[in-house]
Each structure stands twice: as structure tokens, then as C-alpha cells.
Protein chains: 2
Amino acid sequence: MVIPDALFHPKSLAVIGASRKPEKVGYGVFANLIHAGFPGDIYGVNPGGGEVLGRAVYSSIEEIPGAVELGVFVVPPAAILDGMPRLAEKGMRAAIVISAGFKETGGDGAGLERALCETARRVKVRVLGPNCLGLINTHARLNASFAAGTPPSGAISFFSQSGALCTAILDWAIGENVGFSKFISLGNKADISESDVMEYLSNDPETRVLLGYVESIDDGIRFLKVSREVTAKKPVILVKAGATAAGARAASSHTGSLAGSDRAYAAAFRQGGILRAETVEDLFDLALGFAMQPMPGGDRLLILTNAGGPGILAADTAERLGIPLAEVSQGLRARISGKVPPTASLGNPVDIIGDAQAGRYRDVLSVLRDDPAIDAVLVLLTPQAMTEPEGTARAVVQALSGSGKSAFASFLGEASVREARKVLSAGGIPSYPVPERAVRSLHAMLRYRRIRAVTPAESTDPAGIRKADARKAIDRALAAGKKNLGEEESRSVLEAYGFRFPRHALAQTSQEAVEAFTEMRRPVAMKIVSPDILHKTDVGGVRLNLSDPDSVAQAFVEITSAARRMVPSAWVAGVSVQEMVSGGRELILGMSRDPQFGPLLMFGLGGIYVEVLKDVSFRVAPVSRREAVEMIREIRAYPLLSSFRGSTPSDEGGIVDSLLRISRLSLDFPEIQELDLNPVMVMPKGRGVRAIDCRMTIAEAKR
Amino acid sequence: MVIPDALFHPKSLAVIGASRKPEKVGYGVFANLIHAGFPGDIYGVNPGGGEVLGRAVYSSIEEIPGAVELGVFVVPPAAILDGMPRLAEKGMRAAIVISAGFKETGGDGAGLERALCETARRVKVRVLGPNCLGLINTHARLNASFAAGTPPSGAISFFSQSGALCTAILDWAIGENVGFSKFISLGNKADISESDVMEYLSNDPETRVLLGYVESIDDGIRFLKVSREVTAKKPVILVKAGATAAGARAASSHTGSLAGSDRAYAAAFRQGGILRAETVEDLFDLALGFAMQPMPGGDRLLILTNAGGPGILAADTAERLGIPLAEVSQGLRARISGKVPPTASLGNPVDIIGDAQAGRYRDVLSVLRDDPAIDAVLVLLTPQAMTEPEGTARAVVQALSGSGKSAFASFLGEASVREARKVLSAGGIPSYPVPERAVRSLHAMLRYRRIRAVTPAESTDPAGIRKADARKAIDRALAAGKKNLGEEESRSVLEAYGFRFPRHALAQTSQEAVEAFTEMRRPVAMKIVSPDILHKTDVGGVRLNLSDPDSVAQAFVEITSAARRMVPSAWVAGVSVQEMVSGGRELILGMSRDPQFGPLLMFGLGGIYVEVLKDVSFRVAPVSRREAVEMIREIRAYPLLSSFRGSTPSDEGGIVDSLLRISRLSLDFPEIQELDLNPVMVMPKGRGVRAIDCRMTIAEAKR
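Residues numbered from 1 in each chain as written. Chains lettered and ligands numbered in written order. Predicted model: local features only at pLDDT ≥ 70, side-chain atom pairs only at ≥ 80, totals over all residues. Heavy atoms only, no water.

**Student:** Where do I start with the nonpolar core in this structure?
**Tutor:** Across soluble globular proteins, nonpolar side chains have a tendency to be buried as a group. Membership of the largest hydrophobic core comes to 98 residues, with the highest contact counts inside it found for Phe603(A), Ile655(A), Phe603(B) and Ile655(B). Contact partners of Ile655(A), with chain neighbours within four places excluded, come to Leu587(A), Leu589(A), Phe603(A), Ile632(A), Leu641(A), Val682(A) and Val689(A). (Core = buried A, V, L, I, M, F, W, Y, C linked by side-chain atoms within 4.5 Å. Buried < 20%, exposed > 50% of the residue type's maximum accessible area, 1.4 Å probe, protein only. Contact = heavy atoms within 4.5 Å.)

**Student:** Hey, could you run me through the sheet that holds strand β6 (residues 94-97) of chain A in this one?
**Tutor:** What holds strands together in a sheet is hydrogen bonding between their backbones, with the strands either parallel or antiparallel. All names here are of chain A. Taking strand neighbours across the sheet as the criterion, the seven strands line up as β3-β4-β2-β1-β5-β6-β7 in an open arrangement whose pairing is mixed. Each edge of the open sheet is held by one strand with a lone partner, namely β3 (51-52) and β7 (126-128). Direction of pairing for strand β1 (residues 12-16) relative to strand β5 (residues 70-73): parallel, over a ladder of four bridges. When the sheet's bridge partners are listed, Ala14 is paired in β5 with Gly71. (Pairing = 2+ DSSP bridges. Helix = DSSP H or I, 4+ residues; strand = E, 2+ residues; numbered from the N terminus.)

**Student:** Honestly, the sheet that holds strand β2 (residues 41-45) of chain B in this entry has me stumped. Any pointers?
**Tutor:** Across the sheet, which stays open at both edges, the seven strands sit in the order β3-β4-β2-β1-β5-β6-β7 (chain B) with mixed pairing between neighbours. The outermost strands of the open sheet, each flanked by one partner alone, are β3 (51-52) and β7 (126-128) of chain B.

**Student:** What's the story with the relation of the copies chain A and chain B in this structure? I'm lost.
**Tutor:** Taken together, a rotation about one axis and a shift along it account for how the two chain copies relate. For the pair chain A and chain B, the best superposition has an RMSD of 0.1 Å and corresponds to a rotation of 180 degrees with a translation of 0.0 Å parallel to the axis. The transformation just described matches what one would write down for a two-fold rotation axis. Comparing interface residues between copies, 100% of those in chain A also lie at the interface in chain B; the contact surface is shared. (Least-squares fit on C-alpha atoms with pLDDT ≥ 70 in both.)

**Student:** Just checking my understanding: could you explain the state of the cysteines for this structure?
**Tutor:** Here, disulfide denotes a covalent bond that connects the sulfur atoms of two cysteines. The full count for this structure, using the stated rule, is zero disulfides over all chains. Of all cysteine sulfurs, the one in Cys166(A) lies closest to Cys132(A), which takes part in no disulfide; the gap is 8.6 Å. Of all cysteine sulfurs, the one in Cys132(B) lies closest to Cys117(B), which takes part in no disulfide; the gap is 13 Å. (Disulfide = S-S within 2.5 Å.)

**Student:** Help me out: how do you make sense of the packing of aromatic side chains in this one?
**Tutor:** The description of two aromatic rings rests on the distance between their centres and on the angle between their planes. Counted according to the given criterion, the structure contains 27 aromatic pairs over all chains. When the ring centre of Phe501(A) is taken as reference, the NZ or CZ atom of Arg491(A) above it lies at 5.8 Å. (Phe/Tyr/Trp six-rings, centres within 6.5 Å; stacked < 30°, edge-to-face > 60°. Lys NZ or Arg CZ within 6 Å of the ring centre and 35° of its normal.)

**Student:** Quick question: what am I supposed to make of the pattern of salt bridges here?
**Tutor:** Pairing between side chains of opposite charge can happen when their charged atoms approach one another. Summed over the entire model, instances satisfying the criterion amount to 92 salt bridges over all chains. With its nearest N and O atoms 2.8 Å apart, the salt bridge here joins Arg491(A) to Glu488(A). Of this pair, Arg491(A) and Glu488(A) both sit in helix α16 (residues 487-496), three residues apart, which is roughly one turn of that helix. Judged by relative accessible area, Arg491(A) falls into the buried class, the value being 3%. In this structure, a network of salt bridges that share partners links the residues Glu281(A), Asp285(A), Arg437(A), Glu281(B), Asp285(B) and Arg437(B). (Salt bridge = Lys/Arg side-chain N within 4 Å of Asp/Glu carboxyl O.)

**Student:** Just checking my understanding: could you explain the interface of chain A and chain B for this structure?
**Tutor:** Note: interface size is frequently given as the accessible area lost on complex formation between the parts. Opposite the 56 residues of chain A that make contact, chain B presents 56 residues. Taken over both partners, the interface formed by chain A and chain B buries close to 4500 Å², and the fraction arising from carbon and sulfur atoms is 61%. For the pair chain A and chain B, the number of links is four salt bridges. Across the pair Arg320(B) and Glu278(A) runs a salt bridge whose closest N-O atoms are separated by 4.0 Å. Counting the contacts that link chain A with chain B gives 14 residue pairs in polar contact (both at pLDDT 80 or more). Elements with a contribution of two residues or more to the side of chain A that touches chain B: α4 (163-176), β13 (236-240), α8 (280-292), α9 (308-320), α14 (435-453) and α19 (608-611) of chain A. Of all the elements, α4(A) adds the most residues to the side of chain A that touches chain B, at eight residues. Partitioning the side of chain A that touches chain B into residue classes produces 28 nonpolar, eleven polar and 17 charged. (Buried area = accessible area lost by both parts, 1.4 Å probe. Polar contact = N/O pair within 3.5 Å; in protein donor to acceptor, adjacent residues only side chain to side chain. Nonpolar A, V, L, I, M, F, W, Y, C, P; charged D, E, K, R; others polar.)

**Student:** Would you mind showing me how to read the environment of Met591(B) here?
**Tutor:** Residue and element names in this part refer to chain B. Position of Met591 relative to the elements: it lies in strand β25 (residues 585-594). Of the residues examined, Met591 reaches a relative accessible area of 0% and is grouped as buried. Considering only alpha carbons, one finds Met591 and Leu659, 68 residues apart in sequence, at a separation of 9.7 Å.

By themselves, these observations are geometric and do not establish any function.
As C-alpha cells, this is what we get:
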């Protein structure tokens with residue numbers, strides 16, 4: 001259900017709990033609404049009646065003389081539950097519940113919050129909060145919050161799960177004169193979530209860039225879907241707090257132990273096209289470019305400076321982030337050289353040296369702005385004896401506004417450049433205290449450019465899936481009360497989903513093992529089969545490359561006796577005799593289920609690449625073909641799969657197909673909690689993949 | 001030669017080129033000296049004589065009535081060369097040459113700069129510059145620069161190769177009221193280098209922390225030596241610009257192609273105990289802790305906050321950087337709980353919630369300051385309705401100054417906390433706009449604590465080195481005009497330095513190859529031997545694991561005919577038959593010569609670990625035993641060498657010994673330009689290492 005316009009653009013509103021005592025939140029909200037100049041009707045309600053700030057206050061909701069589209073509640077929970085239906089009668093479509101005393105208190109509060117949601121749903125009102133700072137829409141002159149002031153108007157919209165962070169950022173925005181469009185404190189997110197807000201803002205013509213501070217996401221699957229839609233239209237930059245705190249969960253699979261909550265967020269953000277900021281400072285650094293500048297038409301940066309050092313620092317950052325410096329052509333060089341002293345340096349950075357005054361900056365910028373080989377310009381200034389910071393700032397604004405190029409500035413220093421920075425901001429040029437931060441902002445725009453250039457993920461369903469067979473195998477295992485499925489049981493599920501295994505047979509005597517080997521006429525691997533033994537290698541339960549009957553017979557005895565010795569309690573079904581697969585490269589493919597995002601797929605090269613180097617990639621299912629390819633190419637060891645040292649490349653298409661199958665399987669069967677295909681052998685190009693070993697854990701599905 | 005005290009603490013000084021025209025640098029310098037209140041004698045010299053700023057100016061050096069310890073030159077090069085000996089007659093020990101027109105202009109300027117150095121040396125004067133902004137020593141009230149103003153006094157000393165960056169940082173320091181001790185613009189570094197300055201500052205009682213901006217270092221070996229000495233006493237934090245620009249050099253060895261200039265700087269900084277800052281902002285962020293706070297006695301951090309979000313962000317950063325959060329003991333919890341409302345959260349972060357006023361902060365801090373399980377405290381504040389930023393700042397200063405704990409603050413926002421930040425700074429509490437930057441500052445102090453805790457690197461010379469034999473082999477190769485030495489020739493050098501190779505023989509016929517194999521009675525490897533073939537594998541010149549006479553004979557024919565086919569011009573000495581080494585793990589050890597730092601040693605696991613994953617470590621020779629161990633343990637794949645999955649650990653001691661031998665060899669023979677030992681097999685613990693293949697490039701040594 002979409003957020004009604006009444007939340008951000010109400011024609012009329014009521015503050016339930018408007019107070020005349022300045023220390024009360026109910027006063028702060030009322031005062032903010034009036035001082036921000038909200039043009040619609042504002043009705044204060046308070047049992048005491050009277051006046052607040054010269055406005056009449058009504059002693060009950062029923063006394064309000066007109067219709068009310070938005071209700072702002074600053075009264076205790078019980079009064080909210082009572083008032084909401086009554087205000088809905090007056091036409092309320094949306095409510096902001098600022099009051100605390102709900103889920104965050106533990107105990108009874110959770111019940112009150114549930115009751116709040118039920119009431120709201122019944123009377124068809126969407127609720128922001130509870131336990132929040134409120135909401136600001138500068139373009140509607142609506143400040144329905146108890147924040148200390150209203151920020152200037154602008155193109156950035158910000159939402160936050162932390163109210164205190166809202167106050168800090170508002171304070172900063174007012175102090176630094178940074179413009180905002182919407183400012184939304186999400187509070188407990190009882191009803192309206194970050195996904196709802198993102199959806200609304202993506203269609204808001206007053207918002208160019210969405211920023212958010214996120215601690216947790218409740219409905220990860222919807223969040224991912226919404227993110228994909230929103231980022232196709234507008235950039236979204238988020239800080240995720242609590243990134244490392246979750247740590248690795250206790251898990252029995254390789255995939256599970258490597259997954260962890262932050263891996264899931266990182267994968268979902270990436271798949272959703274969201275730019276992730278490291279810090280709150282970073283969040284706003286990155287936002288300024290989007291808010292103030294046109295998207296760059298390409299990625300070639302020109303750096304203009306009056307000093308070598310800062311130019312080098314900017315160029316270093318560009319190189320580190322993979323941003324190419326624009327080439328200064330012969331023609332451009334000739335056009336600049338007439339405007340600068342002979343000691344100027346006309347590479348990139350263009351260094352117009354320490355005595356450059358505003359005029360020289362202006363002259364050079366007037367040439368640069370028309371050069372088609374430049375997509376973005378970064379203007380640096382250090383305050384030296386002859387420097388004219390303010391004049392230069394004006395020259396930058398004049399030359400680069402409307403030039404079609406993305407422009408950035410970094411005027412170093414403080415006392416001498418303070419006014420110049422204000423000129424830049426007012427003129428729509430994002431300005432940073434050090435060059436590195438300006439370059440990072442451009443980098444975010446370039447990343448977003450690539451994100452938007454990608455065609456929407458096509459959904460691809462692999463062929464030849466026998467879902468009913470897998471259903472049977474899983475139901476059988478569940479009926480038998482099994483949780484951990486070993487190779488034999490997992491294999492039937494995976495075979496139903498199109499995975500190919502080498503020929504294999506279960507031997508219960510060494511005689512049977514030799515017979516199986518003889519029939520295969522190939523070297524074999526032998527592995528213990530027991531539901532009680534998950535880590536077969538650790539108990540001496542695996543032998544590889546056996547190529548004569550004697551070795552096979554002996555291996556059978558050794559494997560079974562080792563298992564008996566090391567896990568005396570284990571029930572042993574026998575020993576699996578499996579044809580050896582040679583000429584391939586070892587992979588691990590896996591899935592673990594994240595509490596927020598659901599199935600999280602993992603890919604890596606097998607053995608030490610996973611266990612020592614942790615060189616793995618993650619994506620949330622469903623993955624598209626393109627995302628599966630990204631997963632494969634993102635690991636550091638990827639060159640080993642292409643054509644490293646002239647070897648035949650591995651069958652990347654086969655890996656992609658396998659990932660799509662695991663993606664499908666994990667969506668079809670929520671019963672599967674964790675899945676390891678380890679190892680999988682990827683064969684040379686055109687020859688597919690072979691699953692060698694596998695296991696999974698299952699549980700009754702919750703839904 | 002040590003910098004004389006006269007540079008920073010002169011009793012008297014002369015400005016050669018003092019001008020009465022305010023737009024002239026010679027006026028700016030004179031004015032700064034007077035306005036900063038320099039207490040000693042200031043003599044202005046100018047052919048025109050007269051008065052500047054009410055002070056008599058002398059028309060020639062000879063007219064100066066008293067002694068002069070420091071000369072400040074703001075006249076053209078010729079006048080400096082002429083004036084320096086004359087001022088030296090007056091007792092000058094040090095000179096600051098602000099004037100440009102030397103090496104930086106190219107052409108004649110380089111000659112002038114050489115003449116300047118010669119003159120200075122002759123008259124025993126140390127020179128700062130030329131082409132610099134000058135120097136400031138706030139503690140001596142000495143501002144011998146043309147900077148726009150003098151920063152407040154403090155404990156930070158800063159030196160910079162970029163004069164413009166000096167002006168920017170001064171401007172920032174004056175604007176933000178950050179205190180400095182010495183401020184040094186190095187200019188062209190004709191005489192006084194960063195190493196000289198670091199040496200001086202390490203003994204300067206007015207300097208607690210050294211900061212620097214470095215573009216290039218000329219004498220890397222001295223720099224490394226000085227760094228080690230200085231960082232044993234005081235922290236040094238540097239920004240290295242031009243970090244990535246150098247890129248990988250064209251090189252024929254693996255080591256050379258992976259080395260690059262930034263790898264050398266990174267290794268030298270690390271070995272020298274220098275903390276590297278990423279940006280200029282970072283440089284000062286990290287400095288504040290050292291400048292204002294005592295070193296932490298341990299690494300346990302407590303975070304105190306009035307809001308959840310910022311607390312989580314701080315805790316995230318601490319976890320990411322490996323800083324443990326202090327445990328809040330039962331006792332501490334009890335002591336705090338009486339001072340805060342029941343909804344406060346008494347974990348770590350300690351969240352004393354949104355309505356905390358200054359008194360609550362003070363009460364809790366008074367308890368925390370005495371808790372022995374806390375080494376560092378970070379106080380966070382977000383400006384909410386009830387918050388008292390200034391009062392809280394005063395409470396922080398009072399509670400934590402002199403507490404023995406390292407204290408940091410981050411008061412978020414801007415308008416409401418501006419004054420509070422000033423209170424914090426004035427009270428000696430480093431303060432940051434966002435929590436993450438505060439935590440990074442603490443992290444730098446903890447890193448430095450570990451650096452200083454390490455005992456000085458002991459020098460270790462490996463035993464059994466026959467230098468004369470290596471000398472002979474190298475001289476012979478040089479005499480023969482050789483540049484690239486293949487396996488056969490390199491081996492004799494390496495054997496003389498104690499490397500062990502497997503048994504081997506050179507076969508010139510397939511008959512000889514079979515004889516060699518028969519004598520070895522082991523599987524063998526066979527490799528083409530030709531000075532014209534460096535990459536043997538690429539021409540089919542290597543065969544491994546040959547275990548019968550027929551295979552050996554056939555391999556001989558195949559190797560030689562492949563070589564003839566693929567490199568028809570190559571002169572082939574024969575085929576090396578080498579005993580196979582089994583049971584070891586492949587390594588690569590190498591050396592390439594860096595233009596600044598000399599021999600740069602490389603270590604990595606062989607094959608894909610080097611070629612695909614680039615998982616290698618570098619150190620500048622000479623390396624100590626401890627540094628060699630660090631090299632080995634720093635690679636990501638290190639677990640493979642310890643006891644991964646219960647396998648026998650590799651002989652780490654043997655690798656350390658090998659690195660020490662390469663270190664010695666590369667210092668003894670500057671003729672060796674590049675060296676690859678690839679592969680080296682490290683055997684299980686106690687069984688040493690075997691070099692399998694090797695090559696080097698040599699050239700006549702320059703010295």
C-alpha cells in the first residue's frame with residue numbers, strides 16, 4: 001500500500017497534544033509547524049483548550065471545525081489509540097506518532113504497538129513512527145517534528161532509524177546551510193518502513209537523491225525489490241550501522257559460517273543498486289554531487305589547481321578509484337597556454353600556479369567548459385599571497401553552472417576560504433575541505449551511472465527441473481525427523497534440480513566395493529556414508545584416486561574401521577564408490593538462509609580459497625544470469641577460471657547455470673536451511689560441471 | 001650533520017631583501033617576524049635602506065651592527081650566493097632561502113642550486129629551501145615565513161614538501177585554532193631534508209608528534225635509519241602523495257613487476273615505524289590524539305553516548321579496527337546505575353539517553369574515570385531538546401583531564417555544538433565531527449603503542465657465506481658482458497650464499513641425461529639451459545616428474561627441439577637434469593632495487609598466489625629476523641604455511657634464514673639489480689628449503 005500524499009503534502013493537519021509549555025514536545029511540534037510557515041490549516045488539540053502561540057486550541061478532536069488530512073500525535077499511547085479513529089472520522093489519511101512508550105520499552109509496549117497498527121489498519125491510516133522525531137517537507141513548508149529548526153530547501157531527502165542522528169544532521173544542515181527536501185524519522189517502523197519511504201521518494205519530483213541511516217531491515221525481500229525499482233530512477237545512498245556487530249553466526253556449513261549478516265546486507269545493497277557509505281560524513285559527501293550537479297556524461301576528470309601538492313593528492317585518489325584523468329589535447333593546451341604564465345603546467349592536473357587570481361581561473365575554465373573530452377571538473381584552490389578565494393569561487397560558479405559537466409571544488413584552508421565556500425554552495429557547486437573527498441563524490445556518481453546503465457535483471461529459470469521428485473525426497477527426510485542430510489540424501493534433491501554427479505554405488509562390503517570399481521573401469525573415490533558423520537574427511541572417511549581392486553578393498557576396510565573408532569555411535573550405511581572426475585577445477589557453491597533477506601548464495605573456488613583466503617562472493621536469491629556472472633567474476637581468484645597461463649578456460653556458463661539452479665531450489669524449498677555443494681568440479685569450457693559431494697540441513701518451513 | 005639550533009631558536013636574525021612594499025614577499029616575511037613578537041634582534045637589509053614597519057633597514061650586510069645567527073633570504077639567486085658568505089662572517093649558522101629560481105625552473109636553476117649548496121657548505125651554514133614558504137616556531141615567537149598569519153602554539157610539528165599545502169594548513173589551523181610547535185616548508189630540499197628535520201624534532205622538547213607531507217624521498221636508506229630512531233621516541237605520521245602515479249615499472253622479474261615505488265614506500269614506512277595517513281584530513285585527525293592526550297595504557301575503549309545510532313557507528317568502527325570495547329563490570333554497572341534513569345543502557349556503549357544533561361554526563365564520567373578496566377573514553381553527544389552541549393563539554397574536560405585515560409569526543413551537528421567544540425579543544429580533548437574519525441585517532445595511538453613496544457631490530461648475519469666465491473661468479477659474468485643470468489649462473493652465486501639446490505647435472509645429449517637420471521635414482525625434472533631463454537616454461541623448456549629412462553631420453557629430445565623451433569636464435573648449453581623435490585610447498589623469494597630505498601625484498605607463495613592473487617609482502621633490506629617473520633606472516637595465505645588442516649607446518653625458520661641471506665646478498669652486491677628464486681620449496685618443519693630455479697639481472701654497480 002502506497003504512502004498517501006497526505007503524509008508529505010497535507011492540506012490540513014491536527015496536533016493531538018499541542019501544549020503551551022515550551023519544555024513540552026507538544027509545544028515544540030506546534031511551534032515548528034507555525035514557524036515553518038505551513039500554509040494549510042493547523043489545529044491544535046488539548047483537553048485544556050485555550051491558546052498556543054496565538055492560535056486557538058480545541059479541547060477535543062470533535063471540536064475541530066474543518067477536515068484533517070494528517071494527524072500528529074504527541075500524547076500517551078492510550079490517548080493515541082482512542083484518538084486515531086476519531087480523527088480518521090475527520091478525514092485523516094496519515095498519522096505521525098511522535099510519542100514513545102511502545103515496542104522500544106519492551107514488555108507492554110509491544111502490545112500497544114500491535115494495537116496501534118491494528119487500529120490504523122482498520123481506519124485506513126498510514127502511520128509514521130511511533131517513537132520518532134517526526135517529519136519535515138521543506139517544499140510544503142511542513143515541519144511536523146520537534147527538531148530545533150528547519151533546514152533550507154533542497155533536493156536531498158533523508159530518512160533515519162535513529163532519531164538522535166536526525167537531530168544531529170539537522171543541526172549540521174542548518175549550520176552548514178545544506179538544503180533538504182524531506183527529512184523523515186522512522187522511529188519504530190511499526191507501519192511505514194524504509195521501503196515505503198524509498199518508494200514514495202522515487203516518485204517525488206522534489207527529491208533528486210535519497211539518503212538513509214539503517215540499523216536493521218525487517219522485510220529484506222521487499223526491500224531488495226523496492227531498491228531495484230527505486231535505484232533505476234534515483235540514486236540511493238545508505239549507511240548501515242551495526243555492520244560488524246552481528247559477526248559470524250554459528251553454522252554447520254561452510255556457507256553458513258562465512259555468510260554473516262553483513263554479507264547479506266552487502267549483497268542485497270549491491271543487487272539493489274544502492275551505494276553504501278562508510279560513515280555519516282561520507283553519506284553527505286556523496287550526496288552533494290547528486291543533489292547539485294548533472295550526472296557526468298562520461299568518466300574523464302580534469303583537475304584545475306593553483307598548487308602542485310593538492311593536485312597530486314586529487315590525482316592519486318582518482319587513480320586509486322579507477323577514474324581516468326582527461327587527456328589534455330594539443331588543441332586544448334594551445335587554447336589554455338595563451339591565458340597562463342609559461343611556468344604553468346598543462347598536463348592533468350592543470351596547474352596555473354600560486355599567483356593565479358580569479359581572472360586566470362575564469363579564463364582557463366571558460367576554455368575547459370567547452371572541451372568535449374572532459375566530463376567532470378574539479379577546481380582546487382590553496383590560499384596563497386595573491387589568491388582571491390571569493391572571486392575565484394564566483395568564477396567557478398559562472399563558468400561551470402549549466403556547462404553540462406559535473407563540477408566539484410575543494411578550496412583548502414579555513415579562515416581565508418570560508419566565504420568562498422559559501423559562494424560555491426550557493427552557486428550549486430559541491431565543495432569539500434580536502435580534494436580526496438571531492439573525488440570520492442564524483443566516484444559515487446560514476447558508480448551510479450554504471451548501475452543505471454545495466455538493464456534490469458531478467459529472471460531466468462533453468463530447464464529440466466523435477467520439483468516433485470525433490471519434494472518427495474525432502475518430505476521423506478522431514479517425516480523421518482532428519483535435520484542433516486548427507487551426500488546420499490542431498491544428492492537426490494540436487495539431481496532433481498539438474499545437477500550431475502559422477503557414477504557412484506553404495507557398497508556395504510569390500511566385495512561390493514571392488515565390484516563397483518570393476519564395473520566403472522576408472523579410478524574411484526570412496527567415502528563413508530553415514531547420517532551421523534557430516535565432516536567425512538575429519539574422521540578418515542574419504543580416500544581418493546584408487547585405481548586397483550586391492551586398494552579399493554583395503555580402503556573399504558580402513559574407512560569403515562576408522563569411522564567405527566572415531567565415531568563409535570555412528571550408524572554407517574556403507575561406503576560410496578564414486579568415479580573420479582579429473583581435469584576440472586574445484587568449486588564450492590552454497591546457500592544459507594539469512595533472517596532478513598532469505599536465501600543467500602555463495603560462490604568460491606574450493607579448498608584453501610574458501611577456507612584460508614575466504615575468497616567468496618554472495619548474492620541474495622533469486623539471482624539473474626547477470627548477477628550469477630558477477631558473482632563468479634568478483635572473486636580475486638577469477639583469473640584461474642578464465643584462461644590463466646594459456647590453460648583451457650573453465651565452463652563459466654556451467655557455473656552460471658548451477659547458481660541459477662541453486663537459486664531456484666532455495667526459493668522452491670524454504671525447508672532447506674543450508675546447502676553446501678563442496679566440491680563441485682567445473683570442467684573445461686563446454687563440458688559443464690559435476691557435483692562431487694554435497695550436504696544440506698532442513699527444517700519444517702515456517703510458511 | 002645536525003641542524004643547528006640557530007634555525008629554530010636564533011638569538012638574532014637578518015632578512016636579506018626586507019621590503020617596504022606590502023605586496024612583496026620581503027615585506028611579508030619582515031612583517032610576520034615583527035608581528036609574531038620575535039624577542040631577539042631583527043635586522044632588515046635592503047640596498048635602499050630606510051625604514052620598514054618603523055624599523056631601520058640596513059643598506060648592506062656589513063652595516064648590520066650586531067651578530068646574526070639566522071639569515072632569511074628573499075632576494076634573487078645571485079644576491080644570495082653573494083650575500084651568504086658575508087652574512088656568515090656575522091656569525092650566521094643557518095639560512096632560510098625563500099626565493100625561487102633554482103632547480104624547480106629546470107635549466108640554469110639546477111646549477112644555481114648546486115652553487116648554493118657549495119657556498120653554504122664552505123661557510124658552514126645549513127640551508128632550508130630554496131623555493132619555500134619559510135619556517136615558524138611558535139614557541140620562539142619566530143615566524144620567518146610569508147604565510148598569512150601565525151598559528152596558535154601547540155605540540156604538533158609539521159613539515160611539507162609543498163609550500164601551498166603549508167599555506168592551506170596554516171589557514172586551517174588559524175581558523176580552527178589548532179596549535180602548532182614548528183611549521184617547516186622544505187621547498188627544494190637542496191640541503192635540509194625531511195630526515196634532518198625529523199632528527200631535530202625528535203629531540204625538540206616542544207614537539208610531541210611529527211606530521212609531514214612527502215612527495216619524494218631522496219636518500220631512502222638514511223630516511224629509514226632516521227625513522228627507526230625517531231619513532232622509537234615520538235610518533236611520526238606522514239601523507240605520501242604520488243602514491244599510485246608511479247605505477248608498475250617495466251621489469252623482467254616477477255619481483256620487479258610487482259614491486260613499484262609505492263610498495264617500497266609502504267615497506268619503508270612500516271619498517272621505520274611511521275604511521276601513514278591516507279589524506280591530509282586524516283593526518284590531522286590522527287595527530288590530535290597524540291598532541292592532546294596521554295598514550296593509552298591499554299586498548300580497551302568505553303563509549304559514552306546520549307543516543308543509540310552514533311554509539312553503534314562508533315562501536316562498528318572500533319570492531320572493524322580491532323579495538324576491544326571495555327567490559328562494563330557488575331561493580332561499574334552498579335555505580336553508574338544510581339546516576340542514570342532506568343531506561344539507560346549500561347552495556348558498552350553506555351547510553352545515558354536523549355534527555356541527558358551536563359550533570360548526568362558529569363556524574364557518569366566521574367565513575368568511569370576511576371575504573372581500571374578502561375583505557376580510553378569516547379564521549380558522544382547529539383544535540384537533542386534537553387541537551388546542554390557546552391555544559392557537557394566542560395564536564396568532559398573536568399572529568400577526563402588528568403585522568404590518565406585517553407579521552408576523545410565527538411559532538412555531532414554544527415550550529416548547536418560549535419561553542420562546545422571550542423570548549424573541548426581549549427580543554428585539551430580532541431574533538432571530531434563524527435564518531436568514526438575519533439575512533440580512528442585512538443587506533444593510531446594504539447598502533448603506535450605497539451610500534452614502540454617492539455624492541456629495536458637486531459641485525460642478524462646468516463652463517464656460512466662465501467662472499468669471495470659469489471664475487472668471482474659475478475665478476476666473471478660482468479666481464480663477459482652478461483646482463484641476464486639464467487639458472488646455471490645464478491645458482492653459483494646463491495650457493496655461495498648458502499642456498500641449497502637439489503642434485504643436478506647438465507646433459508648435452510639424451511644419453512648423458514639418462515646417465516644422470518640413473519645415477520640420481522629418483523624422479524627428475526628437466527629444464528632447458530640457455531642464456532637466451534629466461535622464461536623456460538613458455539617455450540616448452542620444462543618437464544617435471546620423469547621417472548624412467550625412456551621418458552628422460554624422450555624429454556631431452558622434445559625440450560631441445562621445442563627450444564630450437566620457438567627460439568631459433570638461442571644458444572643452448574644443454575638440458576639440466578634435476579632431482580625432483582617432493583613434499584614441500586612452493587614459494588617465491590625475490591629482490592628488486594628501488595631507486596630510493598635500494599634492495600626491496602619480496603616474499604610470497606609460488607604460482608597463482610603471486611601471479612593471480614598478488615599475495616606478496618615487501619621489505620627494504622637489511623631485514624631483521626623479526627621483519628622477516630613479519631613478511632612471512634603478513635600474506636593472506638600464511639595459514640597454509642602453519643598447520644592448516646592438521647598438515648605438518650612448513651619450515652618457517654628456513655624461510656626466515658633464506659630472506660636474511662637474500663638481504664645480505666643484495667647489500668653485498670649492488671651489481672644485482674633483480675633476483676627471482678622461483679620456485680623455492682619449503683619443506684616441513686626442520687627440513688629447510690630447497691631452491692629449485694633462479695635467475696637474476698646484473699649491471700656494473702654505480703658506486
